[in-house]
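Results of the structural survey
Each chain is listed here by its residues.
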Amino acid sequence: MDIPVYLVAGFLDSGKTSFINGILEDGFAREDKTLLICCEEGDEEYEKKALDNVTVVTVDDEEELTLAFCKELEKKHHPKQVLIEYNGMWQMEKLYREVLPANWVLYQIMTFVQAPTFELFVKNMGQLMMEKITNADMIVFNRCDDKLKESLRARNLRMVNRRADIYLEDNDGNSEDYLTGDECPFDMTPDLIDIPDDDYGVWYVDAMDHPDRWDGKKVHMKLIMCHSKKFPGIHCPGRFVMTCCENDIQFVGIVAKGDSLKAYKNRDWVDITATVKKEHLDAYEGEGPVLYVERITTTSKPAQEVVSF
């Protein structure tokens, strides 16, 4: 029988225990027998009144958290659902690949971040921090003031994780959506909108999130040519993007149409002028922006080949 797993991730003092106490007090475990695996001991404790239908198991050492250990817990406690408060210093990939039993289905990953320390952690432990951001279904930045909210929005975290619900929470517990829906990082008034080399990632996220905004707009940018292997006949020029460190570099392309595209080889640098149109494509698994190329020429690569944020 499949057992849903809810993974609560984040570094020490990020608010994980407070969140778990909150959902338990709201009745998360009222009907279904719940196993709570605690992998980190913080200053806050679990609220005992909310643990009537919950078995708490503490894991102090990462080596203790194994597939056999999880199977033994299932055999002993027969949980209907599992909550894991994960240690921020442990890599999450090992949990996915080696620890969770096949019938423990990872249902939701919730990441909590203490906003005042976010930049420090990204600078000193970028890979550990960013894996918790990139894999999350929900991200909460707490202890935000107005300046931190502005800084986090300027970082364009939607580039790192486009599917997650992201919330900014202040010291009083008031929460607001990361996206207000009104932001546009570019001046939309010119007849031809020039996308600077370093801003391709910003444009890509905005165009994917708001294809209606860009529908019919003419743009100019410098890209690397790419012909899709997964979708034969589809051209998807783009840029290499680094989300936090060199290990996280990935190619981010945009679908383009035009007979002249075939003349260029993969990895050719091209200068493109195109009109954006919103279309439904299998490559996007839905609607997204398509570049209808009006002019394309070879060009030199920019000073910074990889886009960073």
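Whatever comes next refers back to the structure up there.
All of these numbers come straight from a predicted model, not from anything done at the bench.

**Some thoughts on the pairing of strand 14 (residues 269–281)**
With 10 of 13 residues buried, strand 14 lies mostly within the body of the structure. Relative to strand 14, strand 10 (residues 218–224) runs antiparallel, the two sharing 7 bridges. Looking at the pairing, I224 lines up with W269 of strand 14. Taken together, the 12 bridges between strand 14 and strand 15 (residues 286–298) define a ladder with antiparallel strand orientation. Its bridge partner lying in strand 15, A274 is registered against V293. Adjacent in sequence and paired antiparallel, strand 14 and strand 15 are bridged by 4 residues, among which E285 carries a positive phi angle near 55 degrees.

**Description of the nonpolar core**
I37, L65 and F141 are the most contacted members of the largest nonpolar core, which totals 43 residues. Listed in part, the 34 residues of the second largest apolar core include F186, Y264, V290 and V293.

**With respect to the packing of aromatic side chains**
Counted under the stated rule, the structure contains 11 aromatic pairs. Between the aromatic rings of Y6 and F28, the centroid separation amounts to 5.1 Å while the plane-to-plane angle is 85 degrees, which identifies the pairing as edge-to-face. Here Y6 is found in strand 1 (residues 3–9), whereas its partner F28 is found in the loop between helix 1 (16–25) and strand 2 (34–38), with 22 residues between them in sequence. Y6 sits in the buried class, given a relative accessible area of 13%. Note on F28: relative accessible area 23%, which makes it partly exposed. Seen in terms of ring centroids, F11 and F121 are 4.4 Å apart; in terms of plane orientation they differ by 10 degrees. Their pairing is stacked. Taken together, the residues F11 in the loop between strand 1 and helix 1 and F121 in helix 4 (residues 118–124) connect sequence positions 110 residues apart. Taken individually, F11 and F121 each receive the classification buried, so the pair is uniform in this respect. Taken together, the ring pairs connect F186, Y200, W203, Y204 and W214 into an aromatic cluster. In this structure, K132 packs its charged tip against the face of F11, placed 5.3 Å from the ring centre.

**Examining the side chain of Q114**
By secondary structure assignment, the location of Q114 is in strand 5 (residues 104–114). Residue classification places Q114 among the buried positions, given a relative accessible area of 16%. Among the polar contacts listed, one links the side chain of Q114 to the side chain of R143, at a separation of 3.2 Å. Setting aside residues up to four positions removed in sequence, Q114 forms contacts with L12, D13, S14, N142 and R143.

Reading the values: rules and limits
Residues numbered from 1 in each chain as written. Predicted model: local features only at pLDDT ≥ 70, side-chain atom pairs only at ≥ 80, totals over all residues. Heavy atoms only, no water. Buried < 20%, exposed > 50% of the residue type's maximum accessible area, 1.4 Å probe, protein only. Helix = DSSP H or I, 4+ residues; strand = E, 2+ residues; numbered from the N terminus. Pairing = 2+ DSSP bridges. Core = buried A, V, L, I, M, F, W, Y, C linked by side-chain atoms within 4.5 Å. Phe/Tyr/Trp six-rings, centres within 6.5 Å; stacked < 30°, edge-to-face > 60°. Lys NZ or Arg CZ within 6 Å of the ring centre and 35° of its normal. Polar contact = N/O pair within 3.5 Å; in protein donor to acceptor, adjacent residues only side chain to side chain. Contact = heavy atoms within 4.5 Å.

Don't take any of this as a statement about function, it's just geometry.
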